[in-house]
Amino acid sequence: MKKFLVALMATLLVLVGFQVPAQAACPYACTAAEVTALQNEMWSLVNQYRANAGKAALQRNSYLNTAAAVQSNYMVSIQQATHTGSGGTNAYQRAVNAGYPTGRAIGENVGWGYSTSAQRVAGWYNSSAHRAIMLSSTYHYGGIAIRYHSGTGTPYYCLVVGS
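All values reported here derive from a predicted model rather than from experimental measurement.

Conventions adopted
Residues numbered from 1 in each chain as written. Predicted model: local features only at pLDDT ≥ 70, side-chain atom pairs only at ≥ 80, totals over all residues. Heavy atoms only, no water. Helix = DSSP H or I, 4+ residues; strand = E, 2+ residues; numbered from the N terminus. Expected span 1.5 Å × (residues − 1). Buried < 20%, exposed > 50% of the residue type's maximum accessible area, 1.4 Å probe, protein only. Contact = heavy atoms within 4.5 Å. Polar contact = N/O pair within 3.5 Å; in protein donor to acceptor, adjacent residues only side chain to side chain. Phe/Tyr/Trp six-rings, centres within 6.5 Å; stacked < 30°, edge-to-face > 60°. Lys NZ or Arg CZ within 6 Å of the ring centre and 35° of its normal. Pairing = 2+ DSSP bridges. Core = buried A, V, L, I, M, F, W, Y, C linked by side-chain atoms within 4.5 Å. Axes fitted to C-alpha atoms, helices over the stretch in contact; angles between N-to-C directions. Parallel < 35°, antiparallel > 145°, perpendicular 65-115°, else oblique. Left-handed = near helix turned anticlockwise from the far one by under 90°. Nonpolar A, V, L, I, M, F, W, Y, C, P; charged D, E, K, R; others polar. Lys, Arg positive; Asp, Glu negative; His and termini not counted. Salt bridge = Lys/Arg side-chain N within 4 Å of Asp/Glu carboxyl O.

**Q** Residues and numbers for helix H3 (residues 62-78), please.
**A** Taking 1.5 Å of rise per residue, 17 residues should cover 24 Å, and H3 covers 25 Å from first to last C-alpha, within 8% of that figure. Within the sequence span of H3, burial applies to Leu-64, Ala-67, Ala-68, Ala-69, Gln-71, Ser-72, Met-75 and Val-76. Where H3 is buried, its residues meet helix H4 (91-98), strand E2 (106-112), strand E3 (141-148) and strand E4 (155-162). You can read the cap of H3 off the contacts: a side-chain oxygen lies 2.9 Å from the backbone nitrogen of Tyr-63, and it is on Asn-61. Phi turns positive, to about 50°, at Gln-79, one or two residues after H3.

Below is the structure:
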């Protein structure tokens, strides 16, 4: 049943104009190349949602990638999806700590679970608060990260966007 639902979701995404990339999967021991492939899948899907909403694509930013990785790693360490980071930091503080310029608007989507990139990004899209961040015209840059818990294989992922 689960495979049927995943296939149905992928078919629906294609029917509404989304191209679902081949899914990379490595829940317990990802190579750097596999992590990059997963992040690129999610990134592509975020920008497809933006394009379908008439918004410009987000440009990748290394500082925001770092901020997203810091939060994904932290969520893995506590096995919980949260916007509060290590030491009580928020998304703005993590972005600035990673080197992003001060005084800019920052948004963040976090999540855990789901077995495919399409499901993960659709989960954000189907939440009004997450969708607002993902599609906001305020944001022009972004970074994304996914990390897996080595014991459970649970993915934790983070999108950080900035103006």
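**Q** Could you give an account of the packing of aromatic side chains, with specific residues and numbers?
**A** On inspection of all chains with the given rule, the structure shows two aromatic pairs. Ring centres of Tyr-49 and Tyr-125 lie 4.5 Å apart, and the angle between their planes is 25°; on these two criteria the pair is classed as stacked. Of the two residues, Tyr-49 sits in helix H2 (residues 32-52) while Tyr-125 sits in helix H5 (residues 117-125), which places them 76 residues apart along the sequence. Here the aromatic rings of Trp-124 and Tyr-157 are separated by 5.7 Å at their centres, their planes lie at 65°, and the arrangement is edge-to-face. Note that Trp-124 is positioned in helix H5 and Tyr-157 in strand E4, a separation of 33 residues in sequence. A residue is classified by how much of its surface remains accessible, and Tyr-157, at 1% relative accessible area, is buried. Sitting over the face of the ring of Trp-43, Arg-60 holds its NZ or CZ atom 4.7 Å from the ring centroid. Cation over ring: Arg-131 sits above Tyr-125, and NZ or CZ is 5.3 Å from the ring centre.

**Q** Outline the sheet that holds E3, supporting the account with residue identities and numerical values.
**A** As summarised here, the arrangement of the four strands in space is E1-E3-E4-E2, forming an open sheet in which the pairing is mixed. The strands lining the two open edges of the sheet, one partner per strand, are strand E1 (59-60) and E2. Bridge analysis of E3 against E4 gives eight bridges, and the strand direction is antiparallel. When the bridges of E4 are listed, Tyr-141 appears paired with Gly-162.

**Q** Describe in detail the nonpolar core, supporting the description with residues and values.
**A** Of all hydrophobic cores here, the largest spans 20 residues; its most connected members are Met-42, Val-46, Val-121, Trp-124, Met-134 and Leu-159. Every element with two or more residues in this core is listed here: H2, H5, helix H6 (128-135), E3 and E4. In terms of residue count, the dominant contributor to this core is H2 (six residues). With residues up to four places along the chain from it excluded, the contact list for Leu-159 reads Trp-43, Val-46, Gly-107, Glu-108, Asn-109, Trp-124, Met-134, Gly-143 and Ile-144. Listed in part, the 15 residues of the second largest apolar core include Ala-95, Tyr-100, Tyr-156 and Cys-158.

**Q** Requested: an account of the packing of H3 against H4, with residues and values cited.
**A** At their nearest, the axes of H3 and H4 sit 8 Å apart, and the two run at 125° to each other. One way to sum up the angle between H3 and H4 is to call them oblique. The handedness of the crossing between H3 and H4 is right-handed. Taken together, the residues of H4 that come into contact with H3 (itself represented by Tyr-63, Leu-64, Thr-66, Ala-67, Val-70 and Gln-71) are Arg-94, Ala-95 and Ala-98. For the contact of H3 with H4, the class distribution of residues is six nonpolar, two polar and one charged.

**Q** Provide a residue-level description of the side chain of Glu-41, including the pertinent values.
**A** Considering the arrangement of structural elements, one finds Glu-41 in helix H2. Buried within the structure, Glu-41 lacks any salt-bridge partner; Arg-120 is the closest side chain of opposite charge, at an N-O distance of 5.6 Å. At 2.9 Å, the side chain of Glu-41 and the side chain of Ser-117 are in polar contact.

**Q** With reference to specific residues and values, describe the pairing of E3.
**A** Most of E3 sits inside the fold, with six of its eight residues counted as buried. For E1 and E3, the ladder comprises two bridges, and the chain directions are parallel. Pairing of Arg-60 across the sheet is with Gly-142, part of E3. Between E3 and E4, which pair antiparallel and follow one another directly, the connecting turn spans six residues, one of which, Gly-153, has a positive phi of 75°.

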